[in-house]
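Architecture at a glance
The chain contents come next:
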Amino acid sequence: MPENRQVVIASLPTGALAESDFELQTVGVPEPGPGQVLCRTLAVSVSAGSRAGLQGSASYAGAPKTGIVMSSLAVARVERSNDPALSPGDVVTCGAGWQDWSVHPAQQCFRVEGSADPARYLGVLGTNGLTAYFGLLEVGEPKPGDTVVVSAAAGSVGHLVGQIARIQGCRVVGVAGSDEKCQRLVAELGFDAAVSHRSPDFRQEFKAACGDGIDVYFDNTGGDVLGAALFRMRNGGRIACCGVVSQYDTSKPAPGPRGVPGLLVNKRLRMQGFLVFDWAQRYGEARAQLESWLDSGELVAWQDEFEGLESAPRALVDLLAGGNVGTRIVRVSPG
Ligand SMILES: NC(=O)c1ccc[n+]([C@@H]2O[C@H](COP(=O)([O-])OP(=O)(O)OC[C@H]3O[C@@H](n4cnc5c(N)ncnc54)[C@H](OP(=O)(O)O)[C@@H]3O)[C@@H](O)[C@H]2O)c1
């Protein structure tokens, strides 16, 4: 009889997240009820937003609590189905969380088509790819020739934002956490420049990289990088507020940057937050475009991987310290 290993939240972090905030437990495999399917997890996503959920700052995640399975998106294989819409063997995305087996209403599982690695639906064709696509194109509204800056540029959302901006004919500047990440953004993904936020000369290097100023800033981090970008915005610029990863891994987030609202007024800036779910009706259109760019080689999807469910806490703690390049997933079972 198979068992269900689960990574549960043992304690809510009061400072930086630690692996000891999680526990591995083993329970029985759940039974699907009418209209439900039993799924076996193939891979789970590990993302910055998970830390926001534990902090209680992600509106869509509700209040954080202990004793529950750590939530996450997953790709999974349907093993049993009590709904005609799905059959055993179908591969789906679902909100399985960090566990081997889970039960879901069939309507909350989305079939993954094609022969490519289904884990792409946790990255470039999943929430983060869609976030990059809609956040940049609909909120940032880049035009050919614009200078577009993106923070956490080597991360899951960020590396896609920069490439989509390049495809739109923009000049692209990335901000990332190491010289190696910066070099890879330029050499492998065609960014025009990249600057490390850990450099002691970050402000000067950032100013030089931004040239005549920034037309679109895609903000994944808030904090000091947002502070620096605000002062370099051109008149009429747009700031797409996607997330605040610099302030997630703490119980004492820093107050907002200087210059708001004065800079917004004088430079006629638009600073707009968004949640990707606002474009749920258009996901199909975005996925078709992202797949076409992948097929043509214009878009490259970086994915980094951990092996085994028990490594998920380590994978998240390490991501928050900047250990990931592109989308981070954990392979749970071989498929
Ligand atoms: N609005 C939405 O609908 C939506 C949807 C999905 C994700 N998001 C947001 O998108 C952002 C990116 O998420 P992701 O999943 O793609 O994560 P990610 O960028 O793959 O990983 C987080 C990265 O943040 C960087 N970072 C950590 N602490 C930092 C700090 N103090 N200052 C600057 N950078 C720091 C690290 O890279 P470095 O090495 O570069 O420091 C790390 O690799 C998050 O804010 C997330 O909440 C929003």
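Our structure's up above, just so we're on the same page.
What you are looking at is a predicted structure, and each value in this text was computed from that prediction instead of being measured. (Residues numbered from 1 in each chain as written. Predicted model: local features only at pLDDT ≥ 70, side-chain atom pairs only at ≥ 80, totals over all residues. Heavy atoms only, no water.)

**A few points about the environment of Val-175**
Stated formally: Helix and strand labels come from DSSP, where a helix needs a run of H or I of at least four residues and a strand needs a run of E of at least two; each type is numbered from the N terminus. Per-residue accessibility, obtained with a 1.4 Å probe over protein chains only, is compared with the maximum for each type, and a residue is labelled buried under 20%, exposed over 50%, and partly exposed between these values. Working rule for contacts: check all heavy atoms of both residues, and any pair within 4.5 Å makes them a contact.
For Val-175, the location among the structural elements is in strand S9 (residues 171–176). You can call Val-175 buried: its relative accessible area is 1%. Separated by 148 residues in sequence, Val-175 and Val-27 have C-alpha atoms that sit 43 Å apart. Once residues lying within four places of it in the same chain are set aside, the contact partners of Val-175 are Val-149, Val-150, Ser-151, Ala-152, Ala-153, Val-195, His-197, Phe-202, Phe-206 and Val-225.

**Quick word on the site of the ligand**
What counts, and what does not: Residue proximity to a molecule or strand is established when one non-hydrogen atom of the residue lies within 4 Å of it. Whenever two N or O atoms come within 3.5 Å, that pair is a polar contact, provided that in protein one can donate a hydrogen and the other can accept it, and provided that, for residues adjacent in sequence, both atoms are side-chain atoms. Each accessible area is a Shrake-Rupley estimate made with a 1.4 Å probe; only the visible protein chains count as cover when residues are assessed. Any residue outside Ala, Val, Leu, Ile, Met, Phe, Trp, Tyr, Cys, Pro, Asp, Glu, Lys and Arg is labelled polar, Gly included; the first ten of those are nonpolar and the last four are charged.
Close to the ligand lie 29 residues, the nearest being Gly-177, Lys-181, His-197, Tyr-248 and Asn-324. In this structure, Cys-242 approaches the ligand through a main-chain N or O atom, which is 3.0 Å from a nitrogen atom. Measuring from a nitrogen atom of the ligand, one finds a backbone N or O atom of Phe-274 at 2.9 Å. Burial of the ligand by the protein chains amounts to 91% of its free accessible area of 920 Å². When contributions to the shell around the ligand are tallied by element, the ones reaching two or more residues are helix H2 (127–140), helix H3 (156–167) and helix H9 (312–320). When its residues are assigned to classes, the shell around the ligand shows 13 nonpolar, 14 polar and two charged.

**A short note on the pattern of salt bridges**
In a structure, side chains of opposite charge can pair up when their charged atoms sit close to one another. This is how it is decided: A pairing counts as a salt bridge when a side-chain nitrogen of Lys or Arg comes within 4 Å of a carboxyl oxygen of Asp or Glu.
In total, this model carries 17 salt bridges according to the counting rule given. Across the pair Asp-249 and Arg-51 runs a salt bridge whose closest N-O atoms are separated by 2.7 Å. Pair noted here: Asp-249 is in the loop between strand S12 (233–241) and helix H7 (262–266) and Arg-51 is in helix H1 (residues 48–55), with a separation of 198 residues, a long-range link. When its relative accessible area of 1% is taken as the criterion, Arg-51 is described as buried. Several salt bridges converge on common partners, so that one network encompasses Arg-5, Asp-100 and Glu-310.

Distances and angles like these do not, on their own, reveal function.
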